[in-house]
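Given next are the chains, with one letter for each unit.
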Amino acid sequence: MKMLMADYNVGNLHSIKKALELAGAEIEVVTDMSRMVDAKCMVFPGVGAFDCTIESLLPYKEAIRARLEAGVPCLGVCIGTHILFPGSDEGNSPGISFFDGRVRGLRSRTVPHMGWNSVETEDPLLDDIEDKHFYFAHSYFCDPETRDTVKGTTTYEGFQFATLMRRQNVVATQFHPEKSSESGLRFLKNFVTFAEDQA
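Scope of this entry: the structure provided in the associated data block.

What counts, and where the lines are drawn
- Residues numbered from 1 in each chain as written.
- Predicted model: local features only at pLDDT ≥ 70, side-chain atom pairs only at ≥ 80, totals over all residues.
- Heavy atoms only, no water.
- Helix = DSSP H or I, 4+ residues; strand = E, 2+ residues; numbered from the N terminus.
- Buried < 20%, exposed > 50% of the residue type's maximum accessible area, 1.4 Å probe, protein only.
- Polar contact = N/O pair within 3.5 Å; in protein donor to acceptor, adjacent residues only side chain to side chain.
- Contact = heavy atoms within 4.5 Å.
- Axes fitted to C-alpha atoms, helices over the stretch in contact; angles between N-to-C directions.
- Parallel < 35°, antiparallel > 145°, perpendicular 65-115°, else oblique.
- Left-handed = near helix turned anticlockwise from the far one by under 90°.
- Nonpolar A, V, L, I, M, F, W, Y, C, P; charged D, E, K, R; others polar.
- Salt bridge = Lys/Arg side-chain N within 4 Å of Asp/Glu carboxyl O.

**Brief notes about the side chain of Thr 53**
- Mapped onto the fold, Thr 53 is located in helix H2 (residues 50-54).
- Note on Thr 53: relative accessible area 0%, which makes it buried.
- At 2.7 Å, the side chain of Thr 53 forms a polar contact with the backbone oxygen of Ala 49.
- Setting aside residues no more than four positions away along its own chain, Thr 53 makes contact with Tyr 8, Val 10, Gly 48, Ile 79 and Ile 83.

In C-alpha coordinates, the structure reads:
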(Lines give C-alpha, C1' and ligand atoms only; values in the text may rest on other atoms or scores of the structure.)
Protein backbone atom coordinates (compact mmCIF):
# COMPACT_ATOMS: atom_id res chain seq x y z
CA MET A 1 0.00 0.00 0.00
CA LYS A 2 1.17 3.52 -0.82
CA MET A 3 1.00 5.86 2.15
CA LEU A 4 1.38 9.63 2.07
CA MET A 5 3.43 11.02 4.94
CA ALA A 6 3.00 14.68 5.81
CA ASP A 7 6.21 16.71 5.93
CA TYR A 8 5.14 19.73 7.96
CA ASN A 9 8.67 20.79 8.87
CA VAL A 10 9.03 18.79 12.07
CA GLY A 11 11.71 16.28 12.96
CA ASN A 12 12.07 12.54 12.70
CA LEU A 13 10.71 11.94 9.21
CA HIS A 14 13.59 9.75 8.04
CA SER A 15 13.38 7.18 10.81
CA ILE A 16 9.64 6.61 10.58
CA LYS A 17 9.76 6.51 6.77
CA LYS A 18 12.49 3.88 6.91
CA ALA A 19 10.66 1.88 9.59
CA LEU A 20 7.40 1.85 7.63
CA GLU A 21 9.25 0.77 4.49
CA LEU A 22 10.81 -2.08 6.46
CA ALA A 23 7.28 -2.92 7.57
CA GLY A 24 6.22 -3.31 3.93
CA ALA A 25 4.72 0.07 3.06
CA GLU A 26 5.47 2.30 0.10
CA ILE A 27 5.97 5.81 1.52
CA GLU A 28 5.79 9.12 -0.31
CA VAL A 29 6.70 12.16 1.75
CA VAL A 30 4.69 15.20 0.69
CA THR A 31 5.16 18.89 1.47
CA ASP A 32 2.00 19.96 -0.40
CA MET A 33 -0.62 19.28 2.28
CA SER A 34 -3.47 19.46 -0.25
CA ARG A 35 -2.34 16.04 -1.47
CA MET A 36 -3.16 14.48 1.89
CA VAL A 37 -6.84 14.86 1.06
CA ASP A 38 -6.52 12.27 -1.71
CA ALA A 39 -4.32 9.81 0.20
CA LYS A 40 -5.33 6.16 0.42
CA CYS A 41 -3.53 6.07 3.76
CA MET A 42 -2.25 9.04 5.77
CA VAL A 43 0.73 9.19 8.13
CA PHE A 44 1.15 12.11 10.51
CA PRO A 45 4.60 11.68 12.10
CA GLY A 46 6.58 13.78 14.33
CA VAL A 47 8.57 15.44 16.93
CA GLY A 48 7.58 19.09 17.19
CA ALA A 49 5.29 21.76 18.59
CA PHE A 50 1.53 21.84 18.04
CA ASP A 51 1.09 25.19 16.28
CA CYS A 52 4.06 24.69 13.94
CA THR A 53 2.88 21.19 13.06
CA ILE A 54 -0.73 22.04 12.28
CA GLU A 55 -0.04 25.32 10.45
CA SER A 56 0.36 23.94 6.93
CA LEU A 57 -2.61 21.57 7.39
CA LEU A 58 -5.12 24.18 8.56
CA PRO A 59 -6.45 25.06 5.06
CA TYR A 60 -7.29 21.36 4.51
CA LYS A 61 -8.30 20.24 7.99
CA GLU A 62 -12.03 19.95 7.21
CA ALA A 63 -11.35 17.90 4.09
CA ILE A 64 -8.84 15.69 5.91
CA ARG A 65 -11.29 15.09 8.76
CA ALA A 66 -14.01 14.18 6.25
CA ARG A 67 -11.72 11.63 4.64
CA LEU A 68 -10.84 10.12 8.01
CA GLU A 69 -14.54 9.97 8.90
CA ALA A 70 -15.07 8.15 5.59
CA GLY A 71 -12.68 5.41 6.70
CA VAL A 72 -9.30 6.31 5.19
CA PRO A 73 -6.61 4.56 7.28
CA CYS A 74 -4.28 6.83 9.17
CA LEU A 75 -1.36 6.55 11.58
CA GLY A 76 -0.61 9.40 13.95
CA VAL A 77 2.57 9.42 16.05
CA CYS A 78 3.23 11.75 19.01
CA ILE A 79 2.65 15.31 17.69
CA GLY A 80 0.99 13.67 14.68
CA THR A 81 -1.53 12.27 17.16
CA HIS A 82 -1.93 15.57 19.00
CA ILE A 83 -3.01 17.43 15.86
CA LEU A 84 -5.92 14.99 15.44
CA PHE A 85 -7.50 16.62 18.53
CA PRO A 86 -9.39 19.95 18.60
CA GLY A 87 -6.58 21.79 20.38
CA SER A 88 -3.64 21.66 22.75
CA ASP A 89 -2.46 23.45 25.87
CA GLU A 90 0.83 23.74 23.98
CA GLY A 91 -0.53 26.19 21.40
CA ASN A 92 -3.39 28.34 20.21
CA SER A 93 -4.21 26.86 16.80
CA PRO A 94 -7.16 24.52 16.21
CA GLY A 95 -6.49 20.89 15.42
CA ILE A 96 -8.20 18.54 12.97
CA SER A 97 -10.80 17.50 15.59
CA PHE A 98 -11.09 13.87 14.57
CA PHE A 99 -10.81 12.81 18.21
CA ASP A 100 -12.70 14.77 20.85
CA GLY A 101 -11.10 16.10 24.03
CA ARG A 102 -7.88 18.06 24.36
CA VAL A 103 -4.11 17.70 24.52
CA ARG A 104 -2.90 18.69 28.00
CA GLY A 105 0.37 19.12 29.86
CA LEU A 106 1.73 16.04 31.63
CA ARG A 107 0.87 15.90 35.33
CA SER A 108 4.03 14.06 36.34
CA ARG A 109 6.87 15.42 38.46
CA THR A 110 9.48 15.03 35.73
CA VAL A 111 8.70 16.52 32.33
CA PRO A 112 9.37 15.63 29.57
CA HIS A 113 8.65 11.93 29.75
CA MET A 114 11.57 10.43 27.86
CA GLY A 115 12.62 6.81 27.54
CA TRP A 116 11.09 3.35 27.57
CA ASN A 117 7.77 2.58 29.21
CA SER A 118 5.11 -0.10 28.94
CA VAL A 119 1.75 0.16 27.22
CA GLU A 120 -1.15 -1.62 28.89
CA THR A 121 -3.45 -2.75 26.11
CA GLU A 122 -5.65 -5.52 24.80
CA ASP A 123 -5.81 -4.05 21.31
CA PRO A 124 -5.42 -6.71 18.59
CA LEU A 125 -2.78 -4.60 16.82
CA LEU A 126 -0.44 -5.59 19.65
CA ASP A 127 -1.58 -9.19 20.17
CA ASP A 128 1.60 -10.73 18.78
CA ILE A 129 3.95 -8.27 20.51
CA GLU A 130 5.28 -9.97 23.62
CA ASP A 131 7.31 -7.02 24.92
CA LYS A 132 5.01 -4.00 25.04
CA HIS A 133 7.70 -1.51 26.01
CA PHE A 134 7.92 1.44 23.65
CA TYR A 135 9.92 4.66 23.45
CA PHE A 136 8.41 7.97 24.58
CA ALA A 137 9.51 11.60 24.21
CA HIS A 138 6.78 14.11 25.12
CA SER A 139 5.58 16.79 27.53
CA TYR A 140 1.88 16.67 26.62
CA PHE A 141 -0.71 13.88 26.59
CA CYS A 142 -4.05 13.25 24.87
CA ASP A 143 -7.17 13.43 27.03
CA PRO A 144 -10.08 12.11 24.92
CA GLU A 145 -13.63 12.81 26.08
CA THR A 146 -14.87 9.60 24.47
CA ARG A 147 -13.04 7.03 26.54
CA ASP A 148 -13.82 4.05 24.31
CA THR A 149 -11.34 5.45 21.78
CA VAL A 150 -8.58 4.75 24.33
CA LYS A 151 -7.06 1.34 23.56
CA GLY A 152 -3.86 1.59 25.57
CA THR A 153 -2.51 3.47 28.59
CA THR A 154 0.84 4.12 30.22
CA THR A 155 1.69 5.10 33.79
CA TYR A 156 4.55 7.52 34.39
CA GLU A 157 5.44 8.65 37.91
CA GLY A 158 2.00 7.62 39.13
CA PHE A 159 0.06 9.40 36.37
CA GLN A 160 -1.85 7.23 33.89
CA PHE A 161 -2.67 8.60 30.44
CA ALA A 162 -3.79 7.42 27.00
CA THR A 163 -0.99 6.21 24.75
CA LEU A 164 -2.92 4.29 22.07
CA MET A 165 -6.16 5.52 20.56
CA ARG A 166 -8.32 4.17 17.75
CA ARG A 167 -11.42 5.46 16.03
CA GLN A 168 -12.72 4.37 12.62
CA ASN A 169 -9.52 3.35 10.79
CA VAL A 170 -7.29 5.85 12.57
CA VAL A 171 -4.56 4.48 14.85
CA ALA A 172 -2.87 7.10 17.03
CA THR A 173 0.05 6.60 19.40
CA GLN A 174 1.81 8.73 21.99
CA PHE A 175 4.85 6.47 21.78
CA HIS A 176 7.31 6.35 18.89
CA PRO A 177 7.15 2.93 17.20
CA GLU A 178 9.98 3.92 14.85
CA LYS A 179 12.28 4.27 17.89
CA SER A 180 11.01 1.17 19.68
CA SER A 181 13.21 -1.59 18.28
CA GLU A 182 11.57 -4.93 17.40
CA SER A 183 8.31 -4.18 19.21
CA GLY A 184 7.90 -0.95 17.27
CA LEU A 185 8.64 -2.59 13.94
CA ARG A 186 6.13 -5.34 14.69
CA PHE A 187 3.54 -2.70 15.54
CA LEU A 188 4.18 -0.91 12.25
CA LYS A 189 3.92 -4.18 10.32
CA ASN A 190 0.59 -4.81 12.01
CA PHE A 191 -0.58 -1.32 11.06
CA VAL A 192 0.45 -1.81 7.43
CA THR A 193 -1.50 -5.08 7.31
CA PHE A 194 -4.49 -3.38 8.94
CA ALA A 195 -4.38 -0.48 6.48
CA GLU A 196 -4.14 -2.82 3.48
CA ASP A 197 -7.17 -4.75 4.74
CA GLN A 198 -9.21 -1.51 4.69
CA ALA A 199 -8.35 -0.76 1.05
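**Regarding the packing of helix H1 (residues 13-22) against helix H5 (residues 181-198)**
- The N-to-C vectors of H1 and H5 enclose an angle of 65°; their axes lie 8 Å apart at closest approach. Between H1 and H5, the angle falls in the class roughly perpendicular. Helix-helix and strand crossings are classified by hand; for H1 and H5 the assignment is right-handed. Contacts between H1 and H5 involve Ala 19, Leu 20 and Leu 22 on the former and, on the latter, Leu 185, Leu 188, Lys 189 and Val 192.
- Tallied by class, residues from the contact of H1 with H5 come to six nonpolar, no polar and one charged.

**Section: the pattern of salt bridges**
- Scanning the model with the defined rule gives 11 salt bridges in all.
- A salt bridge links Glu 28 to Lys 2; the nearest nitrogen and oxygen atoms lie 2.8 Å apart. Residue Glu 28 is found in strand S2 (residues 26-30), and its partner Lys 2 is found in strand S1 (residues 2-6); the two are separated by 26 residues along the sequence.
- Judged by relative accessible area, Glu 28 falls into the partly exposed class, the value being 22%.
- For Asp 128, the salt bridge identified is with Arg 186, shortest N-O distance 3.2 Å. On the criterion of sequence distance, the pair formed by Asp 128 in the loop between strand S7 (120-121) and strand S8 (133-138) and Arg 186 in helix H5 is long-range, its members being 58 residues apart.
- Judged by its relative accessible area of 32%, Arg 186 is partly exposed.
- Through salt bridges with shared partners, one network takes in Lys 2, Glu 28 and Arg 35.

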